[in-house]
Amino acid sequence: MTFQTFLIKYGEIAIKGKNRYMFEDALVRQIRFALRNTEGTFRVHKCQGRIYVDCDGYYDFDETVESLKKVFGIVGICPVVRTEVKEFEELKKDVVAYMDEAYPDKNLTFKVESRRAKKTYPVNSMEMNCDLGEAILDAFPEMRVDVHNPDVLLNVEVREEVYIYSHIIPGPGGMPIGTNGSAMLLLSGGIDSPVAGYMVAKRGVGLEAVYFHAPPYTSERAKQKVVDLAKKVAAYTGPIRLHVVNFTDIQLYIYDKCPHDELTIIMRRYMMRIAETIAKENGCLGLITGESIGQVASQTMQSLLVTNEVCTLPVYRPLIGFDKQEIVEISEKIDTYETSILPYEDCCTIFVAKHPVTRPKLDVIKRSETRLSEDIDRLVQEALDTTEVIDVEA
């Protein structure tokens, strides 16, 4: 069966009131961007509160669907057969032919739901429902009508052309990227942070990312792993600007001056300071981390309290109540898991203490940080000045 159009169904956008058009326009832009490298010629447009993707000429159906399934804001993708507006008896034949080709196994229930957007068409919606249903039953006696819970909901819309569809491919849901500002993702090479970025982006938030690199303790392969993870996330979010911060001198200085059981917390506090500085310079409205309560020493309630203290921007932690298996399942769904488990160490794991403090006290940590006063500001500024920026696309 040849589908010439996709009807795009959205969810929350429908309740946006007078601002609805802004979200629809953002969704149209995201769809066009998602299809830019897909084989085929596409026309994305709005019509009477609907969004359509018209496919002109040859296109790759599977590739097109996979691209649309990565666009936040889409809850359903409906492949549509378009035909010319004809006499009603001819329309009956087209609908019967559609059912025959779409459903080889006729032992099923169905319901017809018609919509007459073209008011000059002589048959109204209720009449179409009854007469098209009758035509299907006459052609396929083994089929049955079920108006409450049908196996197949057949939609027939009479517009400038006739649209026939019955299958809904699930989309990712959420809101179109860019409709809720942008945030800075602290992206490591682990499983959690790419999932956290994905989940916040799903709410319409554009992403930038910061990665803390520690050469020679972390290799170029570790850095490339993070770039590859950013590409995986960018398949959903669009281009991501990745800020690579050389954190080696700061880590060594902290290692030399501070108690080793406090290393993780103090390093984390400086990461948050640097990430927030970069975020503010780039107009981001918050930070995103992949932290989950109690997962590691730096993610106990006490540790999160001490880490948060250095931030003035809000810190979004979408995984805060998730267990590891739930996070892994999402990472597998968005295709980041296999990259995340590649055995290249990040800077956090290289400098982790054997027995890190799990219940740090803010006054104690601040007192330890005073030992860094001689050189830490210079080292932080050097790290900011030498930050490498990589523009990442899927």
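Quick notes on the rules
Residues numbered from 1 in each chain as written. Predicted model: local features only at pLDDT ≥ 70, side-chain atom pairs only at ≥ 80, totals over all residues. Heavy atoms only, no water. UniProt positions renumbered as here; feature names shortened; annotations may be inferred. Helix = DSSP H or I, 4+ residues; strand = E, 2+ residues; numbered from the N terminus. Salt bridge = Lys/Arg side-chain N within 4 Å of Asp/Glu carboxyl O. Buried < 20%, exposed > 50% of the residue type's maximum accessible area, 1.4 Å probe, protein only. Contact = heavy atoms within 4.5 Å.

As annotated in an unreviewed UniProt entry, the chain carries the name Probable tRNA sulfurtransferase and is attributed to Sellimonas catena.

Student: Looking at this structure, I do not really get the UniProt feature "domain: THUMP" (unreviewed entry) in the chain. What am I missing?
Tutor: UniProt records the feature "domain: THUMP" (unreviewed entry) at residues 62-169, using the numbering of this structure. In residues 62-169, the share of helix is 34% and the share of strand is 30%. The end C-alpha atoms are 11 Å apart.

Student: Would you mind going over the pattern of salt bridges with me for this structure?
Tutor: As a working rule, side chains carrying opposite charge can pair if their charged atoms are close by. Tallied over the entire structure, the rule returns 31 salt bridges. Its salt-bridge partner being R241, residue E208 comes within 3.9 Å of it at the nearest N-O pair. With a gap of 33 residues between them, E208 in strand β11 (residues 206-213) and R241 in strand β12 (residues 240-246) connect regions that are remote in the sequence. For E208, a relative accessible area of 11% puts it in the buried group. With relative accessibility at 35%, the residue R241 sits in the partly exposed group. Two residues, E220 and K223, come together in a salt bridge whose shortest N-O distance is 4.0 Å.

Student: Can you help me understand the UniProt feature "binding site: ATP" (unreviewed entry) in the chain in this one?
Tutor: UniProt feature "binding site: ATP" (unreviewed entry): in the numbering of this structure it lies at L186, L187, Y211, F212, R268, G290 and Q299. Tracing the backbone through its elements, the reader meets Y211 in strand β11. The contacts of Y211, once residues within four sequence positions are left out, are L187, T218, A222, K223, V226, L242, H243, V244 and V245. Look at F212 and you get buried, because its relative accessible area is 5%.

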